[in-house]
Amino acid sequence: MKIVAICGAGVGTSAILKVNAERALDRLGLSADVSASDVASLATTGADAQIILTSPELVDRIPRTNADIVVIDNYFDVSELERKLDEALG
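Residues numbered from 1 in each chain as written. Predicted model: local features only at pLDDT ≥ 70, side-chain atom pairs only at ≥ 80, totals over all residues. Heavy atoms only, no water.

**Section: the side chain of aspartate 38**
Structurally, aspartate 38 can be placed in strand 2 (residues 33-38). Here serine 41 takes part through its side chain, which lies 2.8 Å from a polar atom of the side chain of aspartate 38. (Helix = DSSP H or I, 4+ residues; strand = E, 2+ residues; numbered from the N terminus. Polar contact = N/O pair within 3.5 Å; in protein donor to acceptor, adjacent residues only side chain to side chain.)

Here's what the structure looks like:
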């Protein structure tokens, strides 16, 4: 499974989201290839992703995709990530 965490610039915020998504997946007993990217590169980096993690303000900038888009309100809340990933994967 491939998950892409995105932010506007693809540097800090998406890296935080990536690390916390990996923690949430670990809590769920799941493994995935989680990468961080900026929204402009998503057409390439997320072409084969099953899940895209993003903030509410970037949803409208995501190009058309077959991936499930999971909106995360608090990138630091591993419990929120765990709950939303569990819902998306269940």
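**Concerning the pattern of salt bridges**
Going through the model one piece at a time under the given rule, you end up with five salt bridges. As a salt-bridge pair, arginine 27 and glutamate 82 come within 3.1 Å of each other at their nearest N and O atoms. Taken together, the positions of arginine 27 in helix 1 (residues 12-28) and glutamate 82 in helix 3 (residues 78-89) put the pair 55 residues apart, joining distant regions of the chain. Across the salt bridge formed by lysine 84 and aspartate 73, the nearest N and O atoms sit 3.4 Å from each other. Within this pair, whereas lysine 84 is found in helix 3, its partner aspartate 73 is found in the loop between strand 4 (68-71) and helix 3, the two being separated by eleven residues in sequence. Note on lysine 84: relative accessible area 17%, which makes it buried. Residue class for aspartate 73 comes out exposed when judged on its relative accessible area of 59%. Through salt bridges with shared partners, a single ionic network connects Asp73, Glu80 and Lys84. (Salt bridge = Lys/Arg side-chain N within 4 Å of Asp/Glu carboxyl O. Buried < 20%, exposed > 50% of the residue type's maximum accessible area, 1.4 Å probe, protein only.)

**Remarks on the sheet that holds strand 2**
Taken in spatial order, the four strands line up as 2-1-3-4 in an open sheet, and their pairing is parallel. Strands with a single pairing partner mark the edges of an open sheet, and in this sheet they are strand 2 and strand 4. The average angle at which neighbouring strand axes cross in this sheet is 25°, direction not considered. Pairing between strand 3 (residues 51-54) and strand 4: four bridges, direction parallel. Counterpart to leucine 53 in the pairing with strand 4 is valine 70. Each of strand 1 (2-7), strand 2 and strand 3 touches helix 1; the most contacted strand, strand 2, lies at about 165° to it. (Pairing = 2+ DSSP bridges. Axes fitted to C-alpha atoms, helices over the stretch in contact; angles between N-to-C directions. Contact = heavy atoms within 4.5 Å.)

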